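Spelled out from the first residue to the last, the chains are:
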Amino acid sequence: MKVLLLLSAGTAGKLLRGGETSCPPWTIDGTPAPTSLIGNPLIEEAYPCPVSALLGNSDARLPRWADVQPEHIVPAVDFVVKRADVELKVLEATAAPEWGKLVVPFERLTEPVGRAWVMAKHLESVANTPALRKAIDEANPVITQFNQRLSQSEGLYRAFKQLRTGGANLTTAQKRIVDSQVQQFELGGVGLTGQKKTTFNDIGNEMSDLRTKFNSNMLDAANHWRLVVKNRSMIVGLPVVVAKRAAERYNRVRGGNATWNAGPWMITSGHGDFAAVMTKARSRKLRKVMLQALLSRGLGGKYDNLPVSWRINELRQQDAQILGFGNYTAESFATKMAKPAQVDRLLGQIKDVVKPRSDAEHAELTAYARQLGFNDTLQRWDVNVFASRLMAQKYAVDHRALRQYFALDNVLTGLFNLTERLFDVQVVELSNSSVSTWDSGIRTFAISRNGTVTSHFYLDLWSRNGQKTAGAWFRPLRSHSTSMKTQPLGCIVMNKRRPPPQYPVLMANQEVETLFHEFGHALQHLLTTEPEGMAAGCNNVEWDAIEFPSQFLEYFALNDPWTKGQILRHFRTGEAIPANLTAQWEQARHARHASGLLYQLYLGNLDLQLHARSWEKPESLLQFEDHLYESFNSMPPMNGTCKVCSFAHIFQGGYAAGYYSYKWAQVLSADAFAAFKEAGNNKGAVVELGRKYRDTVLAQGGGAHPLDLFVQFRGREPESEPMLKIEGLVA
């Protein structure tokens, strides 16, 4: 630290910049920054200078996650925003409609703010604490107000429009960046004045707070729900390992002497407990309570998200109307690849195929339950337990035996071997001692091509109750950029329950597919060669095409013979999976598949219809949700539940009026994967296709329109039939 304190602002600026303006000195408009900021990991991440090298650190290329403290966040955000605001004023006064004099400095002033903030938001989702949450809540308005100031800069808006008009020499990627930025200015309210502008900005401030509150309520509701079971008959059917875990949890929380076979047992809403109860527990009461807890998360009580969801939608409708759209769904489609009529047609076509199959699956399950002596009406909390038993009888799949062929190490090896085979890159794990992470269970990898490291990523696999948001996702942390001189960095996040050290890490087939899915997202970000950071990797990709690379790679996990040969090996012996077990599993894979697919269609329609209008009161959302559910499903909705209260994709994430993207992008991904199916065992053809996919979809990212990239790869526009075939819906 002392070496930096002894440097003047100018000298430090020269050392830290290496002569480049992308790494500014520690000043704001000539005034030295507080010395308390020196050593702040968020500041170091915001300005990718060799600060770590000056301090003698060995991990100069990667962020110092382990050193981040809640008290770092507010000072760092204040500094990067104040500095960016000064640079923004300079750019507004000097901007010329030329790429190097407008877009490059625009990226350089906005990127540090984004990098510091994404670091804080990432920790919020994977290493949350009350102190961290408080700091982010305090910093959030600063970020919101800066984004509003930026998006409503009339001087920059005029300069970008002039560049769009006169930018004949721009590359395709540069033209897309300029077009997108003009649109973002317009959607950001740059043309608004007077009361409309004030109202628009107030909406943005309130929306930012509400989205944070939605996420906090979700996390708190999940963390605080616990069910103590004292009657042993309630846990009949649960695996011993689940009962042991529940008894140990009771002792840890309540300080008792519970045992696995005598109780008491404390059950949470975590995925491990939930899956075991819903598929194994004989007690209908326990299954109902468990499902009720999950489906009513965020409904009522201290962590009520119903008024939050309702208010977010109201604000979105007001936002859309101020900008001249009929509703928020229309505003959302302004930035999408698809048109509303195309989406309606696609979802309708899929529903016409899937709904009869789903009804047939329900009839089969009802008949099977009757055979077992179940004479009550089949309810949602009964489905999984009877479906699990039906699958075991019908296909004789031994899931316990199957899991022994899905060892994590084998899966990762197979995934990385596939990556090398298709895309000619190598994935190498780094030593834990050489990098800084937010948890000891994080694994760090480098991707190299022709012997040169081009990007890094983290794998955060394990659930951490109370600290980590549920689900799985990929988060870009840094982008490839020539002007910023940065390499891509990202993180794959999952929520797998970590077994004790003496047990092997075995995966369910759904977890394998999820890992491949998120790695597909990662590869688009990490393998990009697009030089313009604002269009590199996942940046500037139309939202309804963002799932294309992820679902494409997911298909390889369990549909590609070569890949299955890599990953399906016994965790002890390394022997390939027996043919009979594979045959049983293949038959069972699409069992009850129509019901799951229909539920996804329901969610897509729920999202679109919800955002197409205002609703009289929060309770109106519940009535709408129940009515729509009945039109898609073979059984009635469960009383006292609320999907919109926990639909994080659309209320906290970026999928508002865009959840349909999963199905839209699935058409692209299935059709692209079909090209590899057509190549069959022809290694040369497979390798050629892999390189072609790498050099189009992955390399160019947001630098070209996704439809153009698909046509470059496939030689034609996408067709829906491959998706229906691969999902087992048509022959």
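These figures come from a predicted structure and were not determined experimentally.

Colleague: Help me out: how do you make sense of the overall build of the protein in this one?
Modeller: Regarding its fold elements, the protein presents 30 helices and 9 strands. Taken against the 2.2 N^0.38 rule, which gives 27 Å for 731 residues, the C-alpha radius of gyration of the protein at 26 Å falls within 12% of a compact globule. Once the C-alpha set of the protein is aligned to its principal axes, its extents read approximately 80 × 60 × 55 Å. For the protein, with 731 residues in total, the buried portion stands at 55%. A separation threshold of at least 6 residues defines the contact pool for the protein, and within that pool the share at least 24 residues apart is 74%. Taken as a whole, the protein presents about 30,700 Å² of accessible surface, with 50% of it coming from carbon and sulfur. The centroid of the 82 positive side-chain charges in the protein is displaced by 5 Å from the centroid of its 71 negative side-chain charges.

Colleague: Looking at this structure, how should I read the pattern of salt bridges?
Modeller: Opposite charge on two side chains makes pairing possible when the charged atoms of those side chains draw close. This structure, assessed with the given rule, holds 31 salt bridges. Of the charged contacts, one joins Glu92 and Arg149 as a salt bridge, the two residues approaching to 2.9 Å between their closest N and O atoms. Here Glu92 is found in helix H5 (residues 70-94), whereas its partner Arg149 is found in helix H7 (residues 130-151), with 57 residues between them in sequence. Residue class for Glu92 comes out partly exposed when judged on its relative accessible area of 27%. With a closest N to O distance of 3.9 Å, Lys101 and Glu98 form a salt bridge. When its relative accessible area of 40% is taken as the criterion, Glu98 is described as partly exposed. When salt bridges that share partners are traced, they join Asp671, Glu678, Arg714, Arg716 and Glu719 into one network.

Colleague: Would you mind showing me how to read the state of the cysteines here?
Modeller: Here a disulfide denotes a covalent bond joining the sulfur atom of one cysteine to the sulfur atom of another. Counted according to the given criterion, the structure contains 1 disulfide. Left unpaired, Cys491 is separated from the closest cysteine sulfur, that of Cys538, by 13 Å. You can call Cys538 buried: its relative accessible area is 17%.

Colleague: Got a minute to help me understand the confidence of the model for the protein in this structure?
Modeller: For any part of a model where pLDDT is low, the fine detail of the predicted coordinates should not be relied upon. Here the protein averages 90 in pLDDT, while 94% of its residues score no lower than 70. Low confidence marks residues 50-60, where pLDDT is under 50. Its contacts with residues over four positions away, or in another chain, come to 20 contacts.

Colleague: How should the sheet that holds strand S6 (residues 443-449) be read in this particular structure?
Modeller: Picture the strands of a sheet paired through backbone hydrogen bonds; they go either parallel or antiparallel. What the 5 strands build is an open sheet, ordered S5-S6-S7-S9-S8; its pairing is mixed. In this open sheet, the two edge strands, each paired with only one partner strand, are strand S5 (426-429) and strand S8 (473-478). Shown here is a sheet whose adjacent strand axes are inclined to one another by a mean of 25 degrees, direction ignored. In the packing of helix H6 (residues 99-126) onto the sheet, contacts are made with strand S7 (452-462), S8 and strand S9 (489-496), and the angle to S8 comes to roughly 150 degrees.

Colleague: I tried to follow the environment of Ala293 on my own but got confused; where do I start?
Modeller: Counting through the fold element by element, Ala293 comes out in helix H13 (residues 284-295). Classification of Ala293 as buried rests on a relative accessible area of 12%. Residues Ala293 and Pro476, spaced 183 residues apart in sequence, show a C-alpha to C-alpha distance of 32 Å.

Colleague: What am I meant to see in the nonpolar core here?
Modeller: Among soluble globular proteins, nonpolar side chains are generally buried collectively. If you look at the biggest cluster of nonpolar residues, it comprises 133 residues, and the most contacted ones within it are Phe406, Phe457, Phe519 and Phe548. When residues of this core are assigned to their parent elements, the largest contribution, 11 residues, is made by helix H27 (residues 661-679). Excluding residues within four positions of it along the chain, Phe406 makes contact with Val411, Val505, Leu506, Met507, Asn509, Val512, Leu558, Ile567, Leu568 and Trp585. Counting residues in hydrophobic clusters, the runner-up holds 64 residues, among them Phe160, Val182, Trp473 and Cys491.

Colleague: Explanation requested: the packing of aromatic side chains in the structure shown.
Modeller: Tallying each qualifying case throughout the model produces 36 aromatic pairs. Judged by centre distance (6.1 Å) and plane angle (90 degrees), the ring pair of Tyr47 and Phe79 falls under edge-to-face. Of the two residues, Tyr47 is situated in the loop between helix H3 (41-46) and helix H4 (51-55) and Phe79 in helix H5; the sequence distance between them amounts to 32 residues. Of the two residues examined, Tyr47 and Phe79, each falls in the buried class. Every member of this aromatic cluster is reached through a ring pair, and the members are Phe423, Phe548, Phe552, Tyr555, Phe556, Phe673, Phe676, Tyr693, Phe710 and Phe713. Its guanidinium or amino end placed over the ring of Phe632, Lys351 lies 3.9 Å from that ring's centre, counting from NZ or CZ.

Colleague: Just to check I follow, could you spell out the pairing of S8 for this structure?
Modeller: On any regular strand, side chains alternate: one points to one face of the sheet, the next to the other face. Burial analysis of S8 places 5 of its 6 residues in the buried class, the great majority of the element. Bridge count for S8 against S9 is 5 bridges, and the pairing is antiparallel. Its bridge partner being in S9, Trp473 is matched across the sheet by Val493.

Colleague: It is not clear to me how helix H8 (residues 154-166) should be interpreted in this structure. Could you clarify?
Modeller: Note that an α-helix has 3.6 residues per turn; residues three or four places apart therefore point the same way. For H8, which comprises 13 residues, the first-to-last C-alpha distance of 18 Å matches the rise-based estimate of 18 Å (1.5 Å per residue) to within 8%. All of the buried residues along H8 are Leu156, Tyr157, Ala159, Phe160 and Leu163. Each buried residue of H8 sits inside an arc of 165 degrees when the element is viewed along its axis, so together they form one side. For H8, the exposed residues set more than 90 degrees away from the buried face come down to Thr165 and Gly166. Each element contacted by the buried residues of H8 is listed here: H5, H6, H7 and helix H9 (172-187).

Colleague: Which parts of the structure should I look at to understand a positive patch on the surface?
Modeller: A contiguous patch of positive charge, built from Arg226, Lys230, Arg252 and Arg254, is present on the exposed surface. Among the secondary structure elements, Lys230 is positioned in the loop between strand S3 (226-229) and helix H11 (240-254). For Lys230, a relative accessible area of 64% corresponds to the exposed category.

Colleague: Before we go on, may I ask you to explain unusual backbone geometry in this structure?
Modeller: As a rule of thumb, non-glycine residues mostly have phi less than zero, and peptide bonds are mostly trans rather than cis. The peptide bond linking Gly263 to Pro264 adopts the cis configuration, its omega dihedral lying at -5 degrees. Along the polypeptide, Pro264 turns up in the loop between H11 and strand S4 (265-268). The backbone of Asp424 sits at a positive phi, close to 60 degrees, despite the residue not being glycine. Structurally, the position occupied by Asp424 is in the loop between helix H19 (408-423) and S5.

Calculation rules
- Residues numbered from 1 in each chain as written.
- Predicted model: local features only at pLDDT ≥ 70, side-chain atom pairs only at ≥ 80, totals over all residues.
- Heavy atoms only, no water.
- Helix = DSSP H or I, 4+ residues; strand = E, 2+ residues; numbered from the N terminus.
- Rg over C-alpha atoms; globule rule 2.2 N^0.38 Å.
- Buried < 20%, exposed > 50% of the residue type's maximum accessible area, 1.4 Å probe, protein only.
- Contact = heavy atoms within 4.5 Å.
- Areas by Shrake-Rupley, 256 points an atom, 1.4 Å probe, with all protein chains shown as cover.
- Lys, Arg positive; Asp, Glu negative; His and termini not counted.
- Charge placed at Lys NZ, Arg CZ, Asp CG, Glu CD.
- Salt bridge = Lys/Arg side-chain N within 4 Å of Asp/Glu carboxyl O.
- Disulfide = S-S within 2.5 Å.
- pLDDT = per-residue confidence, 0-100.
- Pairing = 2+ DSSP bridges.
- Axes fitted to C-alpha atoms, helices over the stretch in contact; angles between N-to-C directions.
- Core = buried A, V, L, I, M, F, W, Y, C linked by side-chain atoms within 4.5 Å.
- Phe/Tyr/Trp six-rings, centres within 6.5 Å; stacked < 30°, edge-to-face > 60°.
- Lys NZ or Arg CZ within 6 Å of the ring centre and 35° of its normal.
- Expected span 1.5 Å × (residues − 1).
- Arc of directions from axis to C-beta.
- Patch = residues over 30% accessible without salt bridge, like charges linked within 9 Å, V, L, I, M, F, W, Y side chains within 5 Å.

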